[in-house]
Amino acid sequence: MVTTPFLSPPPQTRLLMSRRRTLVLAIVVITAIAIGTIIGSSWSIRDKEREMEHSLEQRLSLLATSHAQVIDTWLEGLIRQGDRIVNSDLFRLYATEVDLIEEDISALITPDVTVPQDSESASLHAQLPELQSIFIEFSHYAGFLSGRLVHPNGQAYLTTDSGISHLSDQQKTLSQQVLSSATPQFSALQSTSAGLIIDMALPLFSLESDDNDGDVVAVLILTKVVTEKINQLLSASPLMEQGERVHLLQKTTQGLAVVAPWMPEQITPLNGVSPQLTDNQLPFAVRSALQSGNQVYSLALPLKRLPWWIVEEVDYSTARASLNRHARTAWSISALLMGVFSLGFGILWFQQIGLKNRETAHHFKSLAEQIERQRQLLNNINNNIDDFICLKDVRGLYQYANPAMVKAMGRDLNEILDRDDCAVFGFDTAKRLEKLDQQVVADAKPISVQETLYLQSRATHVLISKAPLFEKPGQLAGIITV
């Protein structure tokens, strides 16, 4: 029996097969590394996003709580002002006696009416002018726009206004709330010609009551202009960072409205952009801004005593700036890892190709040496040239100065770097140079001027050429000065 011997492939075929196996292995490994780095980077970015949003939610919640506490403190101050009336024995006694009379109290509140001396309201009618004078004086010095003392039947029998004072529907509702709860109540903000006003209603207890735990015999309603205070509450505070804003939402009969004292309407309905409240709160989420319509992170907390919500907003792009930097870093690391492994397998591949690849590598090495020689040549020229050459960044701080400039200044290089013209040349010279820098930035083209600089306390006349340095089109990186 004749057998056919095994024929091994020729060397060229074996080399080709080896190269193919190496290439396939390289592709498989690089693909696995790419998938791993993409998954790892995505997981890192999502984890960073969750961490960022959790931290931002806590921060906005803290800011909202802080603003709510400021408002609560302000309301407590208003209540303490009103306590001067509701805790006054004189007003409590008068209100108790008015509450006890069985006849109609219209005689007390109708001007120019003669009250019979034998009636129950005769003495009360006689005391009314004095109490009204005290009430008006209190309202004036306490900064209230107006005030009313309201009987439980809804009639105001003591007022800072002249004549009969009628209660608005809102004041009537507020009075009924005080009578039923025996606690201070506040109304929603109202837009008037005098500005934003708020009504505060406080219970007056009978004189026999102790610790405000008895019958409410009258309701004190005080009206105050609060435009300036609302402006202060909505203005930026030192605790707020860039892109953060605070808004005040108020519940009205037409729905939610945003309070903006600086706008002509002062209270503007939200209409179509009204956020959806959940359990009387606005949870942390990404949504449209209340006024601009831009995308923001926001949340809102309700206030206890007012139909208000404190809304904290931060611009979406501003809040995610750190996350975007992290994402760029993560993807850069992924790309770097893929590049490193690709380079490793590429080297292995090139080693198997042969002489041509080695010649190519030698060519690139020679090219790199040539570039290095050119770089050294440029450095030698720059370091030995007599002209002063320097570079400032967009902040106006020196980032480079050649030896000629350092020598002319009579300073060490570290005394020039990261300093501005004022620190290097003095205030007057810096102002002139700053104008030149501003012109270069504005025109985006070189300029040349003659100037006098004081170098080591000696006036030196120089020709200054300035040119903008761009990292890429439209992005200024600094200013070159010769």
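Being a predicted model, the structure only gives us computed values, none of them experimental.

A. Structural detail: the overall build of the protein. Scanning the protein from N- to C-terminus turns up twelve helices and 17 strands. Buried positions account for 37% of the 482 residues belonging to the protein. Here the analysis covers contacts within the protein between residues at least 6 apart in sequence; of these, 54% occur between residues at least 24 apart. Summed over its atoms, the accessible surface of the protein is roughly 28500 Å², and 55% of this surface lies on carbon and sulfur atoms.

B. Region of interest: the sheet that holds strand 9 (residues 267-269). Across the sheet, six strands lie side by side as 9-8-7-12-11-10; this open sheet has antiparallel pairing. Edge strands, defined here as strands with exactly one partner in the open sheet, are strand 9 and strand 10 (282-288). Put simply, the sheet's adjacent strands are angled 30° from each other on average, direction ignored. With seven bridges connecting them, strand 11 (residues 295-302) and strand 12 (residues 308-315) associate as antiparallel partners. From the neighbouring strand, tyrosine 297 faces strand 12, where its bridge partner is valine 314. In this fold helix 6 (residues 227-234) packs onto strand 7 (244-252), strand 8 (255-259) and strand 12, with an angle of close to 135° to the strand it touches most, strand 7.

C. Quick peek at the pairing of strand 14 (residues 398-401). Note: strand 13 (residues 390-393) against strand 14, three bridges, orientation antiparallel. In the strand pairing of strand 14, lysine 392 is matched with tyrosine 398. Counting the residues between successive antiparallel strands, the hairpin from strand 13 to strand 14 contains four residues, one of them, glycine 396, with a positive phi of roughly 90°.

Scoring rules and cut-offs
Residues numbered from 1 in each chain as written. Predicted model: local features only at pLDDT ≥ 70, side-chain atom pairs only at ≥ 80, totals over all residues. Heavy atoms only, no water. Helix = DSSP H or I, 4+ residues; strand = E, 2+ residues; numbered from the N terminus. Buried < 20%, exposed > 50% of the residue type's maximum accessible area, 1.4 Å probe, protein only. Contact = heavy atoms within 4.5 Å. Areas by Shrake-Rupley, 256 points an atom, 1.4 Å probe, with all protein chains shown as cover. Pairing = 2+ DSSP bridges. Axes fitted to C-alpha atoms, helices over the stretch in contact; angles between N-to-C directions.

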